[in-house]
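# Secondary and tertiary structure notes
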Amino acid sequence: MKIDRIHSLDVQIDRARELQLELAERLVLEGGPKIERLRIVAGCDVAFDSAGKRAFGALVLLSFPELELLELVRGEAPLRFPYIPGYLSFREMEVLLGLFEGLKTVPDAVFADGQGIAHPRGLGLASHLGLFLGLPTIGCAKSRLVGTYREPGQNRGDSSPLFYRERPVGTVLRTRANTKPIFVSPGHLISVENAAALALAVGGRFRVPEPTRSADRLVSEFKRETIQRGLV
DNA sequence: GCGACAG
DNA sequence: ATCTTGTCGC
Ligand SMILES: [Mg+2]
C-alpha cells in the first residue's frame, strides 16, 4: 500500500517532541471497525541487532476470526534514534513503514507492540503509526508507560480503565487467567472501548494478542536467519 | 533534584 | 529490546 510520509522521522528529540504535540491533535478517537465486519487484521513488531545498528521488522496480515496467516512482509533499516521512553515511534517506525509499503492488501485494523494514546503527549507508537497509515490502529503494550489503574480481576476478559491526567486513555486487560494483564489503548480511528474489545477478540490462549505475537516470533526468526547468513 | 520509564 | 540455561508453576 501507498504511505503518506506526513513528516520526516530523521529528527532530534526536541523536534520529535514538537511533532508529538501537534500530531496528537489530529487523532480521531471514536468508533472503529465493528467486530462483526472485521475481516483482516495486521500485526507488526521490531527486533534489533545486539550492536544497536539495525532494526528488523515483521508485518503479518491475519484473517478474522480464523487468525490464519494471509500475508507476511519482513525487512530491515538502519537505526537512527536511541530508545528513550516516550519516543519509541521515532526508533521503530522507519522499518515499519517500509513493511507497509510492501503490503498488497489493506487491513481493517493494525495492532502495534506499544502504547496508543496512553502516552505523555498522547502520541504513542500506535497513534503515530495510525496517522501515517490513515488506518485504525490499536496499541497493545506489555507494560505501563503512564497512567493509573486498579488491578483487574483474574479471569480472561476482566479489565479496568487506565487513567492519565484524570482522563480514560486505555484499558488494562487480562487476556489470560492468572497472568499479568496487557495495556490496550487506541492509536487512531478507534475508541477506547472498541480497542479493548478488538484486542480481546484477536487473542487466543496466549497473553499477547495473536497479530502482535505472530509478528514478534516472525521478526525474531528473520533477525536470527539474517545475522547467521552474515548479510550486511 | 529524584524517581518512573512502551520496546 | 538484548545478553542467556535452567527452573518453577499452571
Ligand atoms: Mg516489540
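First, a word on scope: everything that follows refers to the structure included in this document.

About the criteria used
Numbers given for residues are sequential positions, taken from 1 along each chain in its written order. Chain letters and ligand numbers both follow the written order, the letters beginning at A and the numbers at 1. Totals for whole chains, interfaces and linings use every residue, but because this is a predicted model, local features are given only for residues with pLDDT of at least 70 and side-chain atom pairs only at 80 or more, for both listing and counting. Note that the side-chain values use all heavy atoms of the structure and ignore hydrogens as well as water. Put simply, DSSP H or I for four residues or longer makes a helix, DSSP E for two residues or longer makes a strand, and each gets a number counted from the N terminus. All radius of gyration figures rest on C-alpha atoms, and the globule criterion is 2.2 Å times the number of residues raised to 0.38. Only protein chains enter the area calculation, which uses a 1.4 Å probe; residues under 20% of their type maximum are buried, those over 50% are exposed, and those in between are partly exposed. Pairs of residues are marked as contacts when any of their non-hydrogen atoms sit within 4.5 Å. Just so you know, the count uses Lys and Arg for positive and Asp and Glu for negative, and it drops His and the chain ends. Throughout, a charge is located at the NZ atom of Lys, the CZ atom of Arg, the CG atom of Asp or the CD atom of Glu. Coordinating donors are taken as N, O and S atoms within 2.8 Å of the metal, stretched to 3.2 Å for Na, K and Ca; because water is absent from the atoms, sites can appear incomplete. Grouping buried Ala, Val, Leu, Ile, Met, Phe, Trp, Tyr and Cys residues that are joined through side-chain atoms within 4.5 Å yields what is termed a nonpolar core. A pair of strands counts as paired when DSSP detects no fewer than two bridges linking them. In this text, near means that some heavy atom of the residue lies within 4 Å of the molecule or strand in question. Under the rule applied, a polar contact is a pair of N or O atoms within 3.5 Å (in protein, one hydrogen donor and one hydrogen acceptor; residues adjacent in sequence only if both atoms are side-chain atoms). Ten residues, namely Ala, Val, Leu, Ile, Met, Phe, Trp, Tyr, Cys and Pro, are considered nonpolar, four, namely Asp, Glu, Lys and Arg, are considered charged, and the remaining ones, Gly among them, are considered polar.

Another point: the overall build of chain A. In terms of helices and strands, chain A carries five helices and eight strands. Radius of gyration (C-alpha) of chain A: 17 Å, near the 17 Å computed for a compact globule of 232 residues. C-alpha atoms of chain A, sized along the principal axes, occupy 50 × 40 × 30 Å. Every one of the 232 residues in chain A was classed for burial, and the buried ones make up 54%. Counting contacts in chain A only where the partners sit at least 6 residues apart, residues at least 24 apart contribute 66% of the total. One finds the centroid of the 31 positive side-chain charges in chain A at a distance of 4 Å from the centroid of its 27 negative side-chain charges.

Structurally, the position occupied by Ala24 is in the loop between helix H1 (13–23) and strand S1 (40–48). Each C-alpha atom, one on Ala24 and one on His188, is 9.6 Å from the other, the two residues being 164 residues apart in sequence. Once residues lying within four places of it in the same chain are set aside, the contact partners of Ala24 are Arg121, Gly122 and Leu123.

Glancing now at the coordination of the magnesium ion. Every protein donor of the magnesium ion is listed here as Asp45 (OD) and Asp113 (OD), and their distances to the metal cover 2.1 to 2.2 Å. Taken together, the positions of Asp45 in strand S1 and Asp113 in the loop between strand S4 (109–112) and helix H3 (125–133) put the pair 68 residues apart, joining distant regions of the chain. As far as burial versus exposure is concerned, Asp45 and Asp113 are alike and both buried.

Before going further, it helps to examine the environment of Val208. Position of Val208 relative to the elements: it lies in the loop between helix H4 (192–201) and helix H5 (210–228). Put simply, Val208 and Gly57 are 151 residues apart on the chain and 18 Å apart in space, counted from C-alpha to C-alpha. Leaving out residues up to four positions away in the same chain, Val208 has contacts with Lys142 and Arg213.

Right, let's get into the nonpolar core. If you look at the biggest cluster of nonpolar residues, it comprises 44 residues, and the most contacted ones within it are Cys44, Leu59, Phe90, Phe100, Val110, Leu129 and Leu133. Mapped by element, the contributors of at least two residues to this core are H1, S1, strand S2 (54–63), strand S3 (69–78), helix H2 (88–101), S4, H3 and strand S7 (167–173). Per-element tally for this core: the top contributor is H2, with seven residues. In this structure, Val110 is in contact with Ala42, Cys44, Phe100, Leu129, Leu133, Leu135, Pro136, Thr137 and Ile138, ignoring residues within four places of it in sequence. Within the second largest apolar cluster, 24 residues are counted, among which are Val41, Val60, Val184 and Ala199.

The subject of this paragraph is the pairing of S1. The side chains of a regular strand alternate, residue by residue, between the two faces of the sheet. Most of S1 is tucked away, with seven of its nine residues classed as buried. By the bridge criterion, nine bridges tie S1 to S2 in an arrangement that is antiparallel. Opposite Asp45, over in S2, you have Ala58 as the bridge partner. Counting the residues that bridge the hairpin from S1 to S2 gives five residues, and of these Gly52 lies at a positive phi of roughly 70°.

Now for the protein's contact with DNA strand C. Taken together, Ala47, Phe48, Ser50, Lys142 and Lys223 make up the full set of residues adjacent to DNA strand C. Separating a phosphate oxygen of DNA strand C from a side-chain N or O atom of Lys142 is a distance of 3.4 Å. In the environment of DNA strand C, a phosphate oxygen lies 3.2 Å from a nitrogen or oxygen atom belonging to the side chain of Lys223.

Next up on the list: the protein's contact with DNA strand B. Among the 18 residues in the neighbourhood of DNA strand B, the closest are listed as Tyr83, Gly86, Asp113, Lys142 and Ser143. A distance of 2.9 Å separates a sugar or linking oxygen of DNA strand B from a polar atom in the side chain of Asp113. Note that a phosphate oxygen of DNA strand B is positioned 3.0 Å from one of the side-chain N or O atoms of Ser143. The class makeup of the residues in the surface near DNA strand B is seven nonpolar, six polar and five charged.

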